Amino acid sequence: MSVKNQKYSEAQMLIRKPVSEVFNAFIDPEKTKHFWFTKGSGKLEVGKAITWEWEMYNFSTKVVPKEILTDKKISIEWFTTELPTTVDFDFKTLSDGFTFVSIKHYGFNQTGDELLEAIKDSTGGFTIVLAGLKAYLEHNINLNLILDKFQKN
C-alpha cells in the first residue's frame, strides 16, 4: 500500500551539507550515534537486520532496510512494536549543493486516539533527530537531544 493511502508522520529539514554526507550519516552508525542512537550493530544494507541501541534508556530495536538508493532514499522496517512500521528517509540535492531531508513514518496499526499519539510521538522524535543531525553535520556539535528528551529522576 502506498504511503499516500495511510496515516503517517513527517519531519523535514534543510541540511547545509552535500547529499552524500547527509545520506552516509544515516547509513553509518559511527556517524548516526552522534545525533540519534548510541550504538548500531552495523551499516545499513538491504535485507540485513541491524540493531540500534539507546543505552541510556536500556532500549534497542531491530531495523531491516528494505530499499537503499544511494544519496536518494533509505526505507526501513522499524520494529519498535510487535508489528513493524516503515520509515522512509528521502534526500534531495538542492541547487546550492545542500540537502533537504524528509522522513515519513507509516504503517501504524493503532486507531483513534492511540494513532494520534503514535503519529505525534513519531513526528516529534524524527524532528529531534533531524535537528540533531543538522547541528552535528553543520557545526560538529552533539546537542544530546535524544539523551535530554526525557526527564531524569
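The rules behind each value
Residues numbered from 1 in each chain as written. Predicted model: local features only at pLDDT ≥ 70, side-chain atom pairs only at ≥ 80, totals over all residues. Heavy atoms only, no water. Core = buried A, V, L, I, M, F, W, Y, C linked by side-chain atoms within 4.5 Å. Buried < 20%, exposed > 50% of the residue type's maximum accessible area, 1.4 Å probe, protein only. Helix = DSSP H or I, 4+ residues; strand = E, 2+ residues; numbered from the N terminus. Contact = heavy atoms within 4.5 Å. Pairing = 2+ DSSP bridges. Axes fitted to C-alpha atoms, helices over the stretch in contact; angles between N-to-C directions. Salt bridge = Lys/Arg side-chain N within 4 Å of Asp/Glu carboxyl O. Parallel < 35°, antiparallel > 145°, perpendicular 65-115°, else oblique. Left-handed = near helix turned anticlockwise from the far one by under 90°. Polar contact = N/O pair within 3.5 Å; in protein donor to acceptor, adjacent residues only side chain to side chain.

Asks: Where do I start with the nonpolar core in this structure?
Replies: Buried together is how nonpolar side chains tend to be arranged in soluble globular proteins. Grouped together as the largest cluster of nonpolar side chains are 31 residues, with contacts concentrated most on F26, W36, W52, I74, F89, F91 and L133. Of all the elements in the fold, those that place two or more residues in this core are β1 (8-15), α1 (19-27), β3 (50-54), β5 (73-79), β6 (85-93), β7 (99-106) and α3 (112-139). With residues near it in sequence (within four places) discarded, F89 still touches F26, W36, K72, K73, I74, I76, S102, I103 and F126.

Asks: What's the story with the sheet that holds β5 in this structure? I'm lost.
Replies: Hydrogen bonds between backbone groups are what pair the strands of a sheet, and the pairing can be parallel or antiparallel. Reading across the sheet, the 7 strands line up as β1-β7-β6-β5-β4-β3-β2 and stay open at both edges, with antiparallel pairing between neighbours. The open sheet terminates on both sides in strands that have one partner only, identified here as β1 and β2 (39-40). Where β3 and strand β4 (residues 59-69) come together, 5 bridges link them in antiparallel fashion. Across the sheet, the residue bridging to W54 is F59, located in β4. Sheet strands touched by α1: β1, β4, β5, β6 and β7. Its angle to β6, the strand with the most contacts, is close to 160°. Where α3 meets the sheet, it contacts β1, β6 and β7, and its direction lies at approximately 15° from that of β1.

Asks: Before we go on, may I ask you to explain the pattern of salt bridges in this structure?
Replies: Pairs may arise between side chains of opposite charge once their charged atoms sit close together. In the structure shown here, the tally under the stated rule is 6 salt bridges. A salt bridge links K120 to E117, with the nearest nitrogen and oxygen atoms 3.3 Å apart. Taken together, the residues K120 and E117, both in helix α3 and 3 residues apart, mark about one turn of the helix. For the salt bridge of E138 with K134, the shortest nitrogen-to-oxygen distance reads 2.9 Å.

Asks: Looking at this model, I keep getting lost on unusual backbone geometry. Mind explaining?
Replies: Trans peptide bonds make up most of the peptide bonds, and negative phi angles are found at most residues other than glycine. The phi dihedral of D71 falls on the positive side, at around 65°, and the residue is not glycine. Within the element layout of this structure, D71 appears in the loop between β4 and β5. With phi around 55°, N140 is a residue other than glycine that occupies positive phi space. Mapped onto the fold, N140 is located in the loop between α3 and α4 (145-148). Overall, N140 belongs to the exposed group, its relative accessible area being 63%.

Asks: Help me understand the pairing of β7 in this model?
Replies: Remember that side chains alternate between the two faces of the sheet whenever the strand is regular. Among the 8 residues that make up β7, 6 are buried, leaving the element largely enclosed by the rest of the structure. Relative to β7, β1 is paired through 8 bridges, and the arrangement is antiparallel. Within β7, the residue paired with E10 across the bridge is K104. Across 8 bridges, the pairing between β6 and β7 is antiparallel. Bridge assignment links F89 to a residue of β7, and that residue is I103. From the end of β6 to the start of β7, which pair antiparallel, there are 5 residues, and G97 there has a positive phi angle of about 85°.

Asks: How should I be thinking about the packing of α1 against α3 in this particular structure?
Replies: Two packed helices can be described by the angle between their axes and the distance between those axes. With their axes 11 Å apart at the nearest point, α1 and α3 run at an angle of 120° to one another. Between α1 and α3, the interaxial angle falls into the category oblique. In this structure, α1 meets α3 at a crossing whose hand is right-handed. Taking contact as the criterion, the partners of E21, V22, A25 and F26 in α1 are, on α3, V129, L130, L133 and L137.

Asks: I would appreciate a short explanation of the side chain of S75 in the present structure.
Replies: With respect to the helices and strands, S75 occurs in strand β5. A polar atom in the side chain of S75 sits 2.6 Å from the side chain of D88. Those residues within four positions of S75 in sequence are excluded, and the remaining contacts are V64, P65, K66, E67, T86, V87 and D88.

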